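Survey of secondary and tertiary structure
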Amino acid sequence: MGIVKQVKPLIVKALKDLYGHDSQEADLTINITKPEFEGDYTLVLFSFVKVLKKSPEQLGNEIGEYLVGRHGELFTAFNVIKGFLNLTIADAYWKGFLQSAFNDKNLGHKKPLEKTVIVEYSSPNTNKPLHLGHLRNNFLGWSVAQLLKTSGYDVVKTAILNDRGIHICKSMVAWQRFANGATPDSTGIKGDHFVGDYYVMFGTEHKKEMEKLIADGMSKEDAEKNAPIMKAAQGMLLDWEKGDPEVRTLWQKMNSWVYEGFNETYAKIGSDFDKNYFESETYLLGKEFVEEGLKKGVFYKKEDGSVWIDLTAEGLDEKLVLRKDGTSVYITQDLGLAEEKFQEFHYDQSIYVIADEQNYHMKVLKLILQKLGKPYADGIYHLSYGLVELPSGRMKTREGTVVDADDLIEELKKVAREKTEELGKVKDFNPGELNELYETIALGALKFFLLRVDPKKKMVFNPEDSIDFHGFTGPFIQFIHARIKSILRKESPDHIGGKANGQLLPKEKELIVLLEQYSTIIEQACQDHNPSLVAIYAYDVAKTFSSFYTDHSVLNAESEQKKQLRLQISALTGNVIAGSMSLLGIRVPERM
RNA sequence: GGUCCGGUAGCUCAGUUGAAUAGAGCAACUGCCUUCUAAGCAGUAGGUCAUUGGUUUGAAUCCAAUCCGGAUCACCA
């Protein structure tokens, strides 16, 4: 339990004992004490001034006296400045924490809660390779799942593969026309890129045909629909829906190429799923909801046969749930999939990692399920994240500004290699070890870059900044980890753990205070579904250690006791960094 | 037009359940490698927290209005 959580009830009791005042822990504002003042944690007094009719100085002094007097083992000193009561926590507490934590392999992990959470993420279309936007989605989903697991939830990671529809038909038509039977094997092109190339070819050809039609006097809109290649794609979609064997075979073949490519990329970035759903298998789901909704009077039918829900009372619009031809729309499928997932996993919470473009859609989904009285409706949570933009604005397929995931990772690996060779610190590594290191650094840089920003906010990806390995980056944190390991390697493990007496120096204490917050940070990040809190924290820890160990030698400490203390601090820092980074899906090297 | 989200240093971002003099990194400038790895450390400089008004002992944070940017409101997914 964090120190702040221990302190709060004591202050609540102090207010009761001293003034007969009833308060809640939530009423207390306790912050870390600013470095320019003496103390570790600070109670803000202003809110009690009016109720208790005392000056802040008087309040601070009385509460401070009470705490130091009654709980001297925890509080050793206090001071009051303006409306702030600065409390000094006993060195014994910090050292006790250090002693119990530095070798704890389970630090930050919680006991099982016996609650199931589904995290759906990634969810790509199967007509082109993964890009930078997918990476943010994947890293976020994976990390949130990891945070939930650590916090004691049973987590099921799922993806929905959008494997049917006009987009894949476009790639298929283009392949028929232009490929001459070429395959990923025959060309040596990775499967998802291979299929994506035909998607691009479709676009190029489509544009050509449109221009011709427009030159012949057709309007742009009509030309778009009437271009022969577009008609072919639409025809193919109909054939697919009819189950035409030839189309289905081609469809299966091209999708299998894509999956092969995806799997390679997923393996590289460490994304994994417990269960894949395929849109081709779920797109007909949800129709029973239409009947149910009509019966319950939640939906209504228009004279043309289409079915709607009126959400105007909720400040939204009227929303179609079934077309007049009886086919279902996107939202209908999602209703069905939510039900399907519930039947299979009986989840307490179902998290959807989807970009904020779909805020409205997700709001509607949850609302409809609530109106239908589904028991799992309240557990639906949209983890909405902002798009990744380039300095020039949004990535656009048509303008060729999409940053490809595989290319980006390769580029980062190259930079990692160049930088590593330049520094020449791991000349004794064999080629396999080197490759692993480059991958660790490259992915560390990329994941950290994408996860350090609050998911809700859209972010800008500047290729030059993002390739930086200095400062607030993954590689910096990895470097500090390697440094710590290097120090610890020079001392045999059973020589760490001796008594660490003596007064804590400011930088020693600063680090321990920070390390002590680890569990609290994880809790917060899990609750907020926000890995950036962990990323910022990991950096803070690394930076603080960096400053600490340049000032104070660990192995050549002033005394054996100091050496023990610092070895323990180093071990704990290493564990906390490794633990934090693993929550982000980032590996940390022993050397770099 | 309705709804929602955002605007903090030149750039990228923290800080937004109200609290002390608004913080990092990058870029710029100064120092520091014979001592645990310089992917580092220490420091300098850089701010009308979009604007205006309000609430409050106290506002980047809450409220209102305005300006700017984005998303969304399809018988698309």
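These remarks concern the structure in this document. This one's a predicted model, so the numbers in the text were calculated from it and none came from an experiment.

Calculation criteria
- Residues numbered from 1 in each chain as written.
- Chains lettered and ligands numbered in written order.
- Predicted model: local features only at pLDDT ≥ 70, side-chain atom pairs only at ≥ 80, totals over all residues.
- Heavy atoms only, no water.
- Helix = DSSP H or I, 4+ residues; strand = E, 2+ residues; numbered from the N terminus.
- Buried < 20%, exposed > 50% of the residue type's maximum accessible area, 1.4 Å probe, protein only.
- Areas by Shrake-Rupley, 256 points an atom, 1.4 Å probe, with all protein chains shown as cover.
- 1 Å grid on protein atoms, 1.4 Å probe; cavity = no way out; pocket = protein on both sides within 12 Å on 5 of 7 lines; lining within 4 Å.
- Points joined across faces, edges and corners; volume = space filled by probe spheres on them.
- Nonpolar A, V, L, I, M, F, W, Y, C, P; charged D, E, K, R; others polar.
- Phe/Tyr/Trp six-rings, centres within 6.5 Å; stacked < 30°, edge-to-face > 60°.
- Lys NZ or Arg CZ within 6 Å of the ring centre and 35° of its normal.
- Salt bridge = Lys/Arg side-chain N within 4 Å of Asp/Glu carboxyl O.
- Near = heavy atom within 4 Å.
- Polar contact = N/O pair within 3.5 Å; in protein donor to acceptor, adjacent residues only side chain to side chain.
- Pairing = 2+ DSSP bridges.
- Axes fitted to C-alpha atoms, helices over the stretch in contact; angles between N-to-C directions.
- Parallel < 35°, antiparallel > 145°, perpendicular 65-115°, else oblique.
- Contact = heavy atoms within 4.5 Å.
- Lys, Arg positive; Asp, Glu negative; His and termini not counted.

1. Thoughts on the overall build of chain A
A tally of regular secondary structure across chain A gives 23 helices and 14 strands. If you line up chain A on its principal axes, its C-alpha atoms span 90 × 65 × 45 Å. Buried residues in chain A amount to 53% of all 592 residues. Looking at chain A as shown, the accessible area adds up to about 27900 Å², and 50% of this sits on carbon and sulfur atoms.

2. Structural notes on empty space enclosed by the protein
In total, this model carries one cavity of 30 Å³ or more according to the counting rule given. Estimates place the volume of the largest cavity at around 40 Å³. Together, Asn 138, Phe 139, Trp 142, Ile 269, Gly 270, Ser 271, Lys 447, Leu 584 and Gly 585 line the largest cavity. Ranked by residues supplied to the lining of the largest cavity, first place goes to helix H5 (residues 132–150) with three residues. Classifying every residue of the lining of the largest cavity by side-chain character gives four nonpolar, four polar and one charged.

3. Description of the packing of aromatic side chains
Scanning all chains against the criterion turns up 21 aromatic pairs. Between the aromatic rings of Phe 472 and Tyr 539, the centroid separation amounts to 4.7 Å while the plane-to-plane angle is 45 degrees, which identifies the pairing as tilted. Taken as a pair, Phe 472 in the loop between helix H18 (463–466) and helix H19 (474–489) and Tyr 539 in helix H22 (residues 532–551) lie far apart in primary sequence, 67 residues in all. In textbook terms, an aromatic cluster arises when at least three aromatic residues are bridged by ring pairs, as seen for Tyr 121, Phe 262, Tyr 266 and Phe 273. The ring of Trp 240 has Arg 248 sitting right over it, with the charged end atom 3.9 Å from the ring centre. Sitting over the ring of Trp 251, Arg 248 keeps its end group 5.6 Å from the ring centre.

4. Examining the pattern of salt bridges
Tallying each qualifying case throughout the model produces 34 salt bridges. One salt-bridge network, held together by shared partners, links Lys 190, Asp 192, Lys 268, Asp 406 and Glu 410.

5. Some remarks on the protein's contact with RNA strand B
Looking at RNA strand B, there are 60 residues lining it, with Asp 304, Lys 425, His 470, Ser 486 and Tyr 549 nearest. Take the atoms of RNA strand B that sit within 4 Å of the protein: sugar and phosphate atoms are 59% of them. Residue Lys 50 places a side-chain N or O atom 3.4 Å away from a phosphate oxygen belonging to RNA strand B. Measuring from a base nitrogen of RNA strand B, one finds a backbone N or O atom of His 552 at 3.0 Å. Elements supplying a minimum of two residues to the surface near RNA strand B: strand S2 (41–44), helix H2 (46–52), strand S4 (84–89), helix H16 (405–423), strand S14 (459–460), H19 and H22. Split into classes, the residues belonging to the surface near RNA strand B amount to 25 nonpolar, 14 polar and 21 charged.

6. Points about the sheet that holds strand S9 (residues 307–310)
Taken in spatial order, the three strands make up an open sheet running S8-S9-S10, and their pairing is antiparallel. Each edge of the sheet is formed by a strand with only one pairing partner; in this case those strands are strand S8 (299–301) and strand S10 (318–322). Going from strand to strand, the sheet's axes swing by 40 degrees on average, the running direction of each strand aside. The sheet contact formed by S9 and S10 spans four bridges and is antiparallel. What sits directly across from Ile 309, in S10, is Lys 319.

7. So, the packing of helix H17 (residues 431–451) against H19
In the contact formed by H17 and H19, the axes pass within 7 Å of each other and the chain directions differ by 130 degrees. Here H19 runs oblique to H17, going by the angle between their axes. Mapping the contact onto sequence places Thr 440, Ile 441, Gly 444, Ala 445 and Phe 448 in H17 and Gly 474, Pro 475, Ile 477 and Gln 478 in H19. Each residue belonging to the contact of H17 with H19 can be placed in one class, and the counts come to five nonpolar, four polar and no charged.

8. Re unusual backbone geometry
A positive phi is found at Lys 82, a non-glycine position, where the angle reads about 50 degrees. Along the chain, Lys 82 turns up in the loop between strand S3 (75–81) and S4. Using a relative accessible area of 64% as the deciding quantity, one classes Lys 82 as exposed. For His 529, which is not glycine, the phi torsion reads 50 degrees and is therefore positive.

9. Things to note about the side chain of Asp 404
Tracing the backbone through its elements, the reader meets Asp 404 in the loop between strand S13 (388–389) and H16. Lacking a salt bridge, the buried Asp 404 has Lys 190 as its closest oppositely charged neighbour, with an N-O distance of 6.9 Å. Setting aside residues up to four positions removed in sequence, Asp 404 forms contacts with Pro 129, Leu 130, His 131 and His 193.

On their own, these measurements won't tell you what the molecule is for.
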